[in-house]
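Structure assessment
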Amino acid sequence: MTDSPEIDFDHLNRYVGGDADLTREVFGLFRNQVEMWGRGLRADSDDEVWSSVAHSLKGSARAVGAMELANLCEGAETLIGDDRRPGAREVAVEKLEHRISQVLDEIARWEYKDDMRRLKSQ
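Read on for an overview of the structure. The structure displayed is predicted, hence computed values, not measured ones. (Residues numbered from 1 in each chain as written. Predicted model: local features only at pLDDT ≥ 70, side-chain atom pairs only at ≥ 80, totals over all residues. Heavy atoms only, no water.)

**Topic: the packing of aromatic side chains**
Inclusion rule: Whether two aromatic rings pair depends on their centres lying within 6.5 Å, for rings of Phe, Tyr and Trp, where Trp uses its six-membered ring; planes under 30 degrees apart make the pair stacked, over 60 edge-to-face, and the rest tilted. Put simply, DSSP H or I for four residues or longer makes a helix, DSSP E for two residues or longer makes a strand, and each gets a number counted from the N terminus. Relative accessible area decides the class of each residue, using a 1.4 Å probe on protein chains only: under 20% of the type maximum gives buried, over 50% gives exposed, and in between gives partly exposed.
One pass over the full model with this rule turns up two aromatic pairs. With a centroid separation of 5.4 Å and an interplanar angle of 80°, the aromatic rings of F27 and W110 are classed as edge-to-face. Here F27 is found in helix α2 (residues 20-38), whereas its partner W110 is found in helix α5 (residues 88-120), with 83 residues between them in sequence. W110 matches F27 in its accessibility class, with the two residues each being buried. Here the aromatic residues F9, F27 and W110 are joined through ring pairs into a cluster of three or more.

The structure is reproduced here in structure tokens:
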């Protein structure tokens, strides 16, 4: 399972060694991080909160190999201070929420395939 548009499974497997249980655990941690940090993903957040949320989501995305999401987060991190252009955060939030949804969908597909594999091997 290495040809995903949302998750670089080659990257992820360097850390989990192809271990399906560990992959599942990493995906669970990612979901928890997205749920926790996603609440702070608000265009009207102060700069410190905005930067912290974007940075934390970037790290979580990189951990699972969601590089496009990580890149969006990296761009969002810069939308503070003088670089906080009108409407830029609103666009960033929309793009981030869409990409997060796509990554979560990819995780769900992987988990389904893994569940089917496990059932067949019993």
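Anyway, onward from the coordinates.
**What about the pattern of salt bridges?**
Put simply, the rule reads: In the sections that follow, a salt bridge refers to a side-chain nitrogen of Lys or Arg positioned within 4 Å of a carboxyl oxygen of Asp or Glu.
One pass over the structure, following the stated rule, counts 14 salt bridges. Put simply, D114 and R24 hold a salt bridge, and the shortest N to O gap is 2.8 Å. Of this pair, D114 sits in helix α5 while R24 sits in helix α2, and the two are 90 residues apart along the sequence. R118 is paired through a salt bridge with D114; the nearest N and O atoms lie 2.6 Å apart. A residue pair is termed a helical-turn pair when its members lie 3 or 4 positions apart in one helix, as R118 and D114 do in helix α5 at four residues. Relative accessible area serves as the criterion here: at 27%, R118 is assigned to the partly exposed category.

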